[in-house]
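Observations on the three-dimensional arrangement
Each chain, written out:
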Amino acid sequence: MLGWLGAIAPEALAKAGAPIEGAVWWQTGAVALGGGNLTYSAAPFGVFENPLPLVLFVPIQVALVGAVEKYRTEGAGPAGFAPGIGDFDESAFKGLDTINPGGPLDFFGFADDPEIFAELRVKEIKNARLAMVAMLGLAFQAIVTGEGPIQNWGDHLANPFGCNLFTVLSAGERVATL
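Below is a summary of the structure that appears in this document. (Residues numbered from 1 in each chain as written. Predicted model: local features only at pLDDT ≥ 70, side-chain atom pairs only at ≥ 80, totals over all residues. Heavy atoms only, no water.)

1. As for the pattern of salt bridges
Inspection of every chain in the model, using the stated rule, returns one salt bridge. Where Lys 123 meets Glu 119, a salt bridge forms, and the shortest distance between an N and an O atom there is 3.0 Å. In this pair, Lys 123 and Glu 119 are both assigned in helix α4 (residues 114–145), four residues apart and thus about one turn of the helix distant. Assessed through its relative accessible area of 43%, Glu 119 is described here as partly exposed. (Salt bridge = Lys/Arg side-chain N within 4 Å of Asp/Glu carboxyl O. Helix = DSSP H or I, 4+ residues; strand = E, 2+ residues; numbered from the N terminus. Buried < 20%, exposed > 50% of the residue type's maximum accessible area, 1.4 Å probe, protein only.)

See the structure below:
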C-alpha cells in the first residue's frame, strides 16, 4: 500500500505548492529519463534532489535488491548488528526458512509463534493483492483520463455529476461542466 501512497503523495504536495517536477506518478520516469533530477519533498525539511541519473540509479537498486534476495534464498547472510539482539555472525541465518523472515532481523519477534506467524503470512499476501489492485486502478485511471489521481479527485469533488466514471467513459472528449 506504500506504492499507492507514493503515487498520490507527490501530486498532493505539488498541488499544495511544493516544487516537485514530475509529481504525477506516471510522469516521474519521463522527467528522470529526460535528463532531469528527481526531487523529493520531505516537508517541513525542504526539497531534496537525487543527483543520480535514472540510468545509474536503476542498476544500483537492482544490485542491492539482488544481494538481499541472494542472501535470503541461500539462507545465509553477512555478519552485522540488529537492535535488541546486538552483534551476530553468519551462523545466525543457518537453518532458517529461506522464504519467510526470522532470525536476527526479526526485530519485533513476529516469527516466534508459529500460529501467529502463519496468520501474518496470509495477511501479508492479502495486503499485497489489495495493493496490486489499487495500483491497477491508478494505472487505468491514468490511461482513461490522462491525469493524476489527485487532479481527478478534485475534478470529481468540484462537479460530481459532470465528472465521474460514466461521463468519462461515455464522452468523446472530457470536459467538466458547471
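2. Description of the packing of aromatic side chains
The full count for this structure, using the stated rule, is one aromatic pair. When the centroid spacing of 5.8 Å and the interplanar angle of 50° are considered together, the rings of Phe 108 and Phe 110 count as tilted. Relative accessible area serves as the criterion here: at 68%, Phe 108 is assigned to the exposed category. (Phe/Tyr/Trp six-rings, centres within 6.5 Å; stacked < 30°, edge-to-face > 60°.)

3. A short note on the packing of helix α1 (residues 2–15) against α4
Between α1 and α4, the shortest axis-to-axis distance is 8 Å and the interhelical angle comes to 30°. What the angle tells us is that α1 and α4 run roughly parallel. Here α1 contributes Gly 3, Trp 4 and Ala 7 to the contact with α4, which in turn contributes Ala 134, Met 135 and Leu 138. Counted by class, the contact of α1 with α4 contains five nonpolar, one polar and no charged residues. (Axes fitted to C-alpha atoms, helices over the stretch in contact; angles between N-to-C directions. Parallel < 35°, antiparallel > 145°, perpendicular 65-115°, else oblique. Contact = heavy atoms within 4.5 Å. Nonpolar A, V, L, I, M, F, W, Y, C, P; charged D, E, K, R; others polar.)

4. What to know about α1
Helix length check: α1 (14 residues) gives 20 Å between terminal C-alpha atoms against 20 Å at 1.5 Å per residue, within 8%. Within α1, burial applies to Ala 7, Ile 8 and Glu 11. Packed against the buried residues of α1 are α4 and α5 (149–158). Positive backbone phi, at 115°, marks Gly 17, one or two positions downstream of α1. (Expected span 1.5 Å × (residues − 1).)

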